[in-house]
Every structure is written in structure tokens, then in C-alpha cells.
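Structural overview for review
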Amino acid sequence: MIDTTSLQRLQTVARPKTPSAVSNALVFGWRAVLKFKHVPEQLFDLVMTPIMFTLLFTFVFGGALAGSPGEYLQFFLPGILVQTVVFNAVYSGMGLSTDLGKGLFDRFRSLPIWSLSPFAGLMVGDILRHLIAASIILTIGLILGYRPEAGILGVLAAFAMLIAIGFGMGWVFIVLGLLIRTPTTVMTLGFTFLFPLVFASNIMVDPGTMPAWLRAFVDVNPVSLMTTALRGLMGGGATLSQVVLALIAPAALTAILAPTTLWLYLRR
């Protein structure tokens, strides 16, 4: 039996405040951090592929494409950073598809939280992946002889742009993760979509040697625009127009696909 005094104390206890959207997002962001702690092997394939691309293209093709591996590395490394972030964005959709298959998001939807909080957590995991992979690649590039002419400020600006690129691209694969049932299919469709964008760009070669019809596509390819801006930021020659053009695609993807994500999620 509860005595009168205890009952009065219970009645005077203030109801906890409803957590804000930011608080909800931070909780799910912490969940993404814990995933790295408990499943560190997930970073292996995220990091090894760009490392192999960097080493193979620098030493196998660098001399033929730019006269020497060192000269090619100055051209190639900013591009491989863009490629890494774009490819890593696929894993957002794979992780979402996995969680949906386990019924985890059905539990999230039943909670009194901001509807986009679980996706905010996925984005935090994305940003961590992008920063870890980009830092490792830049470190390897510095060891091999790459020198960012814009210095530390240029590198920081480039990393900020990489985060913006990854954030925008991540929505594409979150939508795929909501529409497609299996993570393997998400990965297959994701890379099928990305390979033409990445390889028909200025990441690896100067488009000046390409046929006119292909060069016309490469010049407006969003991946090429991102790479050009990143080269400018790290090399010290970026213009405002280059940066704006590079950010158009991530901004448009976020504006269009974030509401689409919420609609698909609530409709399931």
C-alpha cells in the first residue's frame, strides 16, 4: 500500500519534457558510433578499396598518364577522395535495408520521437565513415608525396565539402534502402548507378583527351564538378562558382529526397 505522503510526492513530480528533435538525432547518432565500436570490421571494405585504387593508379598508370607517379598523385588524390565518399554512401542504404529486415525500424516508428531521428543516426554513421576513410587516404597520399598547396585550411575546407557531398548522396541510397528488401540488391543497384558517374568523370584523367560527346557529359557530371572544386580547395585555386556548382547536386538531393524518405518511411 502507498501511504498518503508517498502519493502526494508522486503527484508533485513534474512530467519529463519531451525530447527535442536534436536530442533524438543525437541519441541515434550515438547508436551509429557504437556500431563502429562493436563491429569495427565494417570499416575494412570501406577503407581498403580506396587504398588499393590510390596505390594501383598512382604507380601503375601514373607514369603513363602524367609523366610520373608524383605528378599524377597531385592530380588524382582529390578525385579519389570524392570517389570514396560517393561509394561509401551506398552503405547507408545497405544498413537501412538490414535494419528494416530485422524489424528494428518498426520499433522506432512506435516511439514518441522525431520521425527523421533514425535517419539522422544513419547520416552520423556516414559522416564518420567519410572522415575516417578520407583521413586514411590523405595520410597515405602525404606519405607518397602528395602536398596540398592550400595547406591545412584548404584541407579542412575540402573535408567540409566531402561531408556535404556525402550527406547529399546518402539520401539517394536511404531511399533505395526503403524501397528494396535486401542489402545485396541495394549495393548492386547503387554501384550500377555510380560506376558511370565516377568513371565517366575527371577523377582519373583529364577529359580533354576524350571524344567530344563524352567530354560534354563529363563537363556537367556532378562528380566532375565536385572533383574540380575539391582540387581547387586543396590546391589553393578554387573559385566561388566552382564551389557553388559542386554543392548544387548535394543540396538538390537533400531538398528532394529528405521529404521523400519521410513519406516512404511513414507509408510502410
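Residues numbered from 1 in each chain as written. Predicted model: local features only at pLDDT ≥ 70, side-chain atom pairs only at ≥ 80, totals over all residues. Heavy atoms only, no water.

Here is the rule we go by: UniProt positions are given in the numbering used here, feature names are shortened, and annotations may be inferred rather than shown by experiment.
Where an unreviewed UniProt entry is consulted, the protein appears under the name Transport permease protein, with the organism given as Mesorhizobium robiniae. Quoted verbatim from the Sequence similarities (unreviewed entry) field of UniProt, the annotation for the protein is "Belongs to the ABC-2 integral membrane protein family."

1. Observations regarding the packing of aromatic side chains
Centre distance and the angle of the planes are the two values used to describe a pair of aromatic rings. Using the following cut-off: Ring pairs shown here join Phe, Tyr and Trp side chains whose ring centres sit within 6.5 Å, with only the six-membered ring taken for Trp; geometry is labelled stacked below 30 degrees between planes, edge-to-face above 60, and tilted in between. Only DSSP runs of H or I reaching four residues or more are called helices, and only runs of E reaching two or more are called strands; each is numbered from the N terminus. For every residue, the accessible area obtained with a 1.4 Å probe (protein chains only) is divided by the maximum for its type, and the residue is called buried under 20%, exposed over 50%, and partly exposed between those limits.
Enumeration according to the criterion identifies 13 aromatic pairs in this entry. Between Phe28 and Phe108 the ring centres are 4.8 Å apart and the planes differ by 85°, which places this aromatic pair in the edge-to-face class. Of this pair, Phe28 sits in helix H2 (residues 21-38) while Phe108 sits in helix H6 (residues 104-109), and the two are 80 residues apart along the sequence. The class of Phe108 is buried, set by a relative accessible area of 11%. Ring centres of Tyr72 and Phe76 lie 5.2 Å apart, and the angle between their planes is 15°; this geometry places the pair in the stacked category.

2. Comments concerning the environment of Ser68
Rule in force here: Any two residues whose heavy atoms approach within 4.5 Å are treated as being in contact.
Residue position: Ser68 is located in the loop between helix H3 (42-66) and helix H4 (69-88). On the basis of relative accessibility, which here comes to 25%, the residue Ser68 falls in the partly exposed class. Note: C-alpha distance between Ser68 and Thr58 (ten residues apart in sequence) is 8.6 Å. Ignoring any residue separated from it by four or fewer positions in sequence, one finds Ser68 in contact with Gly62 and Gly63.

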